[in-house]
Amino acid sequence: MLELAQAMFIKRTALILAILALMLFGQALASLDHKIDLDPLGNVQHFWLAPSASTSLGIEGLAPSTVEGTALKFSKSVFAEPQTLFSFSQEVLSYDIEIDRTKFYLAYATQDSDLYLIHSWDNGQTFSPPLLLSEQGTNPALAVKDDRLYVAWEEKEGIHFSQSEYSAMNFIESEPLLITGEALSAPALSIDDLNETGLAFLSKNSYTDLERVIYTSLASPEPKVLYESHDNLINLGIRNLSESLLVFWQKEYMERRETYFCLSLDKGQSFGRAKRLELDKELLGLIFSKGKLCAVTASPELTIEEIELPALAAPEILFPRDHAVLKSSGLKVVYAFLSNDPFLCKIELLSDASTFDQLISSPTQENHSYNFPVEFTDGNYSLKIHIFDGINRSPDSQTVRFKIDNIPPQVQSLEAQREEKLLTLKGNISEFPAWLTINGQSVSLEASRAYFESEFALAPGENNFTLALRDEAGNISVSTEEAYYNPAVPEITVLKPRENDWFKPDSAILIEARVCDLQGDIEDETEAKITINNQTLEDTLVYDQLESNLFGFISLPAELGDGRYSGTITLSDRSGNEGQANFFLNIDGSPPKIIQAAGEACFTNSQSSLVIPAVDSGAGIDPSGTLIILFGISMEGAVSVEAQKIIFEVETPLPEGTYEVEVITRDKVGNVGEPIAFCLVVDATPPELTLLGSYESNTLKDKIVVQGKVVDQNPCSVNIYNNQKKIESFALSGNSFSKEISLFQGSNNILIEALDRSNNTASANLSTFANFASASSSLIQNCIHGPNPFSPAKNLPGAFASNGKGMVFTYSLSEPADIKIRIYDLTGTLIWTKDINHQTSGVTAWSGVDAFGQVARNGIYPYIFSATSGGATEIKRGKIMVYQ
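Keep in mind the model is a prediction, meaning the values are calculated, not measured.

Broken down by element type, the chain carries one helix and 69 strands. Across the 884 residues of the chain, 43% fall into the buried class. For the chain, contacts bridging at least 24 residues in sequence account for 51% of all contacts bridging at least 6.

Structure below.
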């Protein structure tokens with residue numbers, strides 16, 4: 001019975017031990033150090049310390065034992081089974097772990113305050129021997145970036161830090177960070193994209209018990225106090241987000257917790273206010289997952305919950321205004337966004353030719369501005385912005401569309417007309433709206449013609465006029481005009497001939513001019529000389545003192561050829577003052593020319609009008625003086641001229657048939673052409689078109705032969721259209737035709753059009769559905785990409801950025817095609833393009849740099865690979881993951 005009682009006691013004791021072990025093991029998981037991180041795919045990695053399996057517990061009647069060792073547990077995701085990464089030979093009080101691809105770095109502090117570092121370069125399969133960093137260190141923190149390993153730890157009442165080129169694991173001598181009268185603890189490290197290392201830690205004043213959260217850069221330690229409290233501060237952490245630096249912690253008092261965080265948008269140079277989160281659970285860390293800020297908590301179990309933060313309002317663009325016209329130089333955007341915290345503003349400026357993306361930091365003020373650092377070409381642009389506070393993104397602002405105009409306006413033509421003491425300046429400008437001033441006086445412009453005309457009084461002597469023209473964008477051009485005025489000189493204004501008058505050589509013309517003689521010393525019947533083409537004529541003009549004008553007929557030289565000639569009228573008073581006036585003569589000595597060659601037949605399908613091509617480069621064809629005769633028929637009608645064509649509209653329709661026509665042309669100054677005779681064929685009957693052969697409604701071929709017959713006395717040509725696109729056009733050598741044409745994949749609606757020489761048409765239609773493509777004969781046979789654009793792999797084909805890094809597209813096609821590759825970011829913005837003409841296979845590269853030379857950030861980038869051949873386009877879509 002005694003033995004049975006002892007056996008029962010042992011079984012009950014073992015059961016109690018197992019239950020207590022499970023209970024205490026669960027408490028240990030909750031109390032020992034937890035680390036939370038994200039792997040490159042966004043999965044949560046969870047690390048924690050647990051007692052080794054050899055741990056035993058003290059139970060009444062049994063001798064207690066201590067923990068002989070500690071194991072580092074981890075799970076690759078929230079739902080994964082826990083695994084042991086490393087088993088320590090002694091009890092570990094604190095640790096930190098960093099993973100860089102396949103490399104693991106683990107720093108830990110033992111109960112003897114020895115601080116060690118071990119590493120694994122094979123995914124944690126094997127670890128190096130321990131490297132002693134300190135004999136009095138605890139609470140280590142690690143950070144890894146670009147061949148550098150940084151470590152910080154608590155030692156005495158300060159914090160020490162050191163760094164190494166981790167491939168060699170050679171650490172420089174540690175440096176202490178001390179603050180007089182403060183006990184420093186809980187270091188946390190971060191490294192940004194520029195290799196700037198930041199350190200966050202807690203401090204406690206030994207006299208006031210005031211606790212603080214402090215941040216400093218290891219490059220130039222200048223501690224920044226982020227938060228102060230007389231309560232206990234715990235669970236300090238630091239994390240680099242895509243565009244910001246996040247520091248978080250908890251405040252503990254009366255068994256309650258409050259959670260806070262601070263954000264920096266300028267690499268830790270400054271921080272916004274500390275913000276409180278509605279979170280009172282024990283915080284293991286803050287992570288940024290799938291675009292959302294999430295909290296990882298440990299009680300009662302590991303939980304990841306999304307944190308709801310206040311939404312940001314959309315910013316308002318104050319400048320430029322919608323539909324404004326601006327110069328590129330000095331172009332800026334002014335916007336309004338009310339916030340008490342720093343934020344980033346994303347500016348997106350788009351045009352047909354370029355894209356400009358810029359992320360700028362903004363101070364906390366009501367209105368903000370940004371001057372664009374580059375010059376933009378002329379064209380139309382659209383602008384929108386949004387705000388990013390380090391975590392949240394605001395909706396886009398309204399889209400503002402404006403125009404860039406860098407070209408100053410010009411005065412395209414300027415004419416100065418002087419009459420007595422008045423000068424009239426008139427001309428045209430290159431664009432409208434615009435603003436013109438002449439000698440500081442505003443001049444109105446006619447919008448319909450972009451035309452101006454303004455009158456000015458002349459002073460004796462030299463008169464200078466400055467024309468300043470400004471457009472809507474603020475571009476300014478300045479031109480000058482000079483006019484000399486001598487009141488003693490007779491002023492002559494030519495009235496006839498006018499600028500658009502035309503004359504024949506060796507003809508008599510009338511010249512008339514008005515004379516202004518302020519001194520009244522020109523005698524009646526004084527003769528004025530005439531000069532034409534630098535030749536002084538024998539004929540003169542006579543001055544009529546009563547009428548104050550010049551008048552006379554002159555004979556033009558017979559040797560004047562066709563063209564425009566300048567003339568001058570010269571008149572002198574009794575004092576010898578000589579006045580001059582210039583005029584122009586348009587000379588036309590050639591008759592109009594008929595384009596229709598004599599003896600060649602002219603075909604028409606109109607029975608009511610006859611169109612005869614003709615040209616006259618001078619005064620123009622005179623329809624009333626042009627004679628058209630159709631022999632063998634009595635005909636009446638009207639002749640008109642339109643766009644270098646003589647049009648004869650007959651009153652009675654012409655019967656179909658052949659006529660002999662004679663045309664005698666005359667222009668408006670009386671030049672008569674030689675008679676031109678030709679044959680006129682009036683044919684209003686369309687040809688008869690018949691398709692020959694049979695055509696399948698469905699075919700597996702990519703071509704068919706179209707056959708037909710055209711019945712007409714004067715067949716000319718055949719046009720073939722497929723799906724409203726002309727694909728063939730050929731002349732008929734007889735009445736029959738046969739033509740092989742290409743088909744489009746799918747529906748083909750084919751139109752055959754026959755034309756005769758009179759331009760009468762006949763048409764026929766046929767339809768067929770072509771299915772000559774199959775999966776095995778698709779255009780894109782293969783298209784793959786890789787590796788990651790920032791892969792360290794060497795000797796990749798193509799030209800890349802530094803160190804030969806980059807990514808390649810490898811492709812093969814079933815036939816030569818034009819290739820287009822487009823890479824976008826997740827907002828849909830096009831960041832890189834590549835066009836390749838007429839290739840069947842090859843390799844092309846993307847270096848991971850966008851169109852503005854900026855390195856693409858970590859993330860997913862969709863791409864479109866398209867190939868076009870024979871009017872057909874095939875598209876392949878995919879995604880590129882950029883991870884550094």
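Further remarks concern empty space enclosed by the protein. Under the definition given, this model contains one cavity of 30 Å³ or more. Every residue lining the largest cavity is listed: S190, D192, E196, G198, Y215, N240, L245, K267 and G268. Taken together, the residues that form the lining of the largest cavity break down as two nonpolar, four polar and three charged.

Time to look at a negative patch on the surface. Together, E523, D524, E525, D544 and E547 make up a negatively charged patch on the protein surface. Tracing the backbone through its elements, the reader meets D544 in strand β45 (residues 535-544). Residue classification places D544 among the partly exposed positions, given a relative accessible area of 31%.

Here we come to the nonpolar core. Within soluble globular proteins, side chains that are nonpolar generally end up buried alongside one another. Core analysis: the biggest nonpolar cluster contains 24 residues, and I530, L550, I554, L556 and I569 have the highest contact counts within it. Among the secondary structure elements, those contributing two or more residues to this core are β43 (508-516), β44 (527-532), β45, β46 (549-555), β47 (563-572) and β48 (578-587).

A word on the packing of aromatic side chains. All chains considered together, the criterion is met by 21 aromatic pairs. Ring geometry for W249 against Y260: centres 6.2 Å apart, planes inclined by 15 degrees, an arrangement best described as stacked. Of the two residues, W249 is situated in strand β19 (residues 245-253) and Y260 in strand β20 (residues 256-264); the sequence distance between them amounts to eleven residues. There is no split in this pair, since W249 and Y260 are both buried. Look at Y811 and F865: their rings are 5.6 Å apart centre to centre, the planes differ by 45 degrees, and that puts the pair in the tilted class. Taken together, the residues Y811 in strand β66 (residues 807-824) and F865 in strand β68 (residues 859-869) connect sequence positions 54 residues apart. Here Y811 matches F865 in class, with each residue buried. Following the ring pairs from residue to residue traces out a cluster consisting of F86, F88, Y108, Y116 and F127.

To continue, consider the sheet that holds strand β6 (residues 103-110). One open sheet accounts for four strands, arranged β5-β6-β7-β8; its pairing is antiparallel. Only two strands of the sheet have a single neighbouring strand rather than two, namely β5 (92-100) and β8 (131-134). Across the sheet, the mean angle from the axis of one strand to that of its neighbour is 25 degrees, orientation sign disregarded. Two elements, strand β7 (residues 115-120) and β8, share three bridges in a ladder whose sense is antiparallel. The residue bridging Y116 from the neighbouring strand is L132, located in β8.

This part is about the pattern of salt bridges. A full pass over the atoms with the stated rule returns 15 salt bridges. The residue E243 makes a salt bridge to R857 at a minimum N-O spacing of 2.7 Å. Taken as a pair, E243 in the loop between β18 (232-240) and β19 and R857 in the loop between β67 (830-846) and β68 lie far apart in primary sequence, 614 residues in all. With a closest N to O distance of 2.9 Å, R822 and D835 form a salt bridge. Here the residue R822 occupies a position in strand β66, and D835 occupies one in strand β67, the gap between them amounting to 13 residues. The exposure class of R822 is buried, given its relative accessible area of 17%.

It is worth spelling out the sheet that holds strand β24 (residues 303-306) at this point. With antiparallel pairing, three strands are arranged side by side in an open sheet as β22-β23-β24. Edge strands, defined here as strands with exactly one partner in the open sheet, are β22 (283-289) and β24. The average angle at which neighbouring strand axes cross in this sheet is 25 degrees, direction not considered. Across six bridges, the pairing between β22 and strand β23 (residues 292-297) is antiparallel. Within β23, the residue paired with I287 across the bridge is C294.

A few words on the environment of S217. Of note, S217 is situated in strand β16 (residues 211-217). The class of S217 is buried, set by a relative accessible area of 16%. A C-alpha to C-alpha distance of 9.9 Å links S217 and I191, two positions 26 residues apart in sequence. Each residue touching S217, except ones within four places of it in the same chain, is listed here: E196 and T197.

Moving on: the pairing of β22. With six of seven residues buried, β22 is to be regarded as a mostly interior element. In sequence, β22 turns back onto β23 through a hairpin of two residues, with K290 there showing a positive phi of about 55 degrees.

A word on the environment of D506. Mapped onto the elements of the fold, D506 is located in the loop between β42 (502-503) and β43. We classify D506 as exposed; its relative accessible area is 55%. D506 sits 54 residues away from L560 along the chain, and the two C-alpha atoms are 8.0 Å apart. Not counting residues up to four positions away in its chain, the partners in contact with D506 are L556, P557 and A558.

This next bit is on unusual backbone geometry. Along the chain, F432 connects to P433 via a cis peptide bond; the corresponding omega equals 10 degrees. With respect to the element layout, P433 can be found in the loop between β34 (422-429) and β35 (434-438). Looking along the chain, the bond that leaves K496 and enters P497 is cis, with omega of 5 degrees. Notably, N123 is not glycine yet its phi reads approximately 65 degrees, a positive angle. With respect to the secondary-structure elements, N123 resides in the loop between β7 and β8. Even without being glycine, A643 reaches a positive phi, approximately 50 degrees. For A643, the position within the fold is in the loop between β53 (637-641) and β54 (645-650). Under the relative-accessibility criterion, A643 is labelled exposed at 66%.

Procedures and definitions
Residue indices follow the written sequence of each chain, beginning from 1 at its first position. Restriction of local features to residues with pLDDT of at least 70 applies here, the model being predicted, together with a cutoff of 80 or more for giving and counting side-chain atom pairs; totals for whole chains, interfaces and linings are based on all residues. Remark: hydrogens and water are excluded; side-chain values derive from all non-hydrogen atoms of the structure. Put simply, DSSP marks the helices as runs of H or I at least four residues long and the strands as runs of E at least two long, and each gets a number from the N terminus on. Each residue is assigned to one of three classes by its accessible area relative to the maximum for its type, calculated with a 1.4 Å probe on protein chains only: buried under 20%, partly exposed between the two thresholds, exposed over 50%. In what follows, residue pairs with any heavy atoms lying within 4.5 Å of each other are defined as contacts. A cavity here means a set of 1 Å grid points, computed over protein atoms only, where a 1.4 Å probe fits but cannot escape. A pocket is an open set with protein on both sides within 12 Å along at least 5 of 7 lines, and lining residues have an atom within 4 Å of a point. Grid points are joined across faces, edges and corners, and a volume is the space filled by probe spheres set on the points. Following the grouping adopted for this structure description, the nonpolar residues are Ala, Val, Leu, Ile, Met, Phe, Trp, Tyr, Cys and Pro, the charged ones are Asp, Glu, Lys and Arg, and the polar ones are all others, Gly among them. Patch building starts from residues that exceed 30% relative accessible area and form no salt bridge, then joins like charges within 9 Å and nonpolar side chains (Val, Leu, Ile, Met, Phe, Trp, Tyr) within 5 Å. Here the Shrake-Rupley method, with its probe set to 1.4 Å, supplies the accessible areas, and only the displayed protein chains count as covering residues. When a carboxyl oxygen of Asp or Glu lies within 4 Å of a side-chain nitrogen of Lys or Arg, that pair is called a salt bridge. His is not counted, nor are the chain ends, whereas Lys and Arg count as positive and Asp and Glu as negative. Lysine's charge is taken at NZ, arginine's at CZ, aspartate's at CG and glutamate's at CD. By nonpolar core we mean a set of buried residues, namely Ala, Val, Leu, Ile, Met, Phe, Trp, Tyr and Cys, connected to one another through side-chain atoms within 4.5 Å. Here is the rule: rings of Phe, Tyr and Trp (six-membered ring for Trp) pair when centre to centre is within 6.5 Å. Planes less than 30 degrees apart are stacked, more than 60 are edge-to-face, and the remainder are tilted. We treat two strands as partners when DSSP finds at least two bridges between them. Every angle, taken between N-to-C directions, lies between 0 and 180 degrees, and every axis is a line fitted to C-alpha atoms, over only the stretch in contact when it is a helix.

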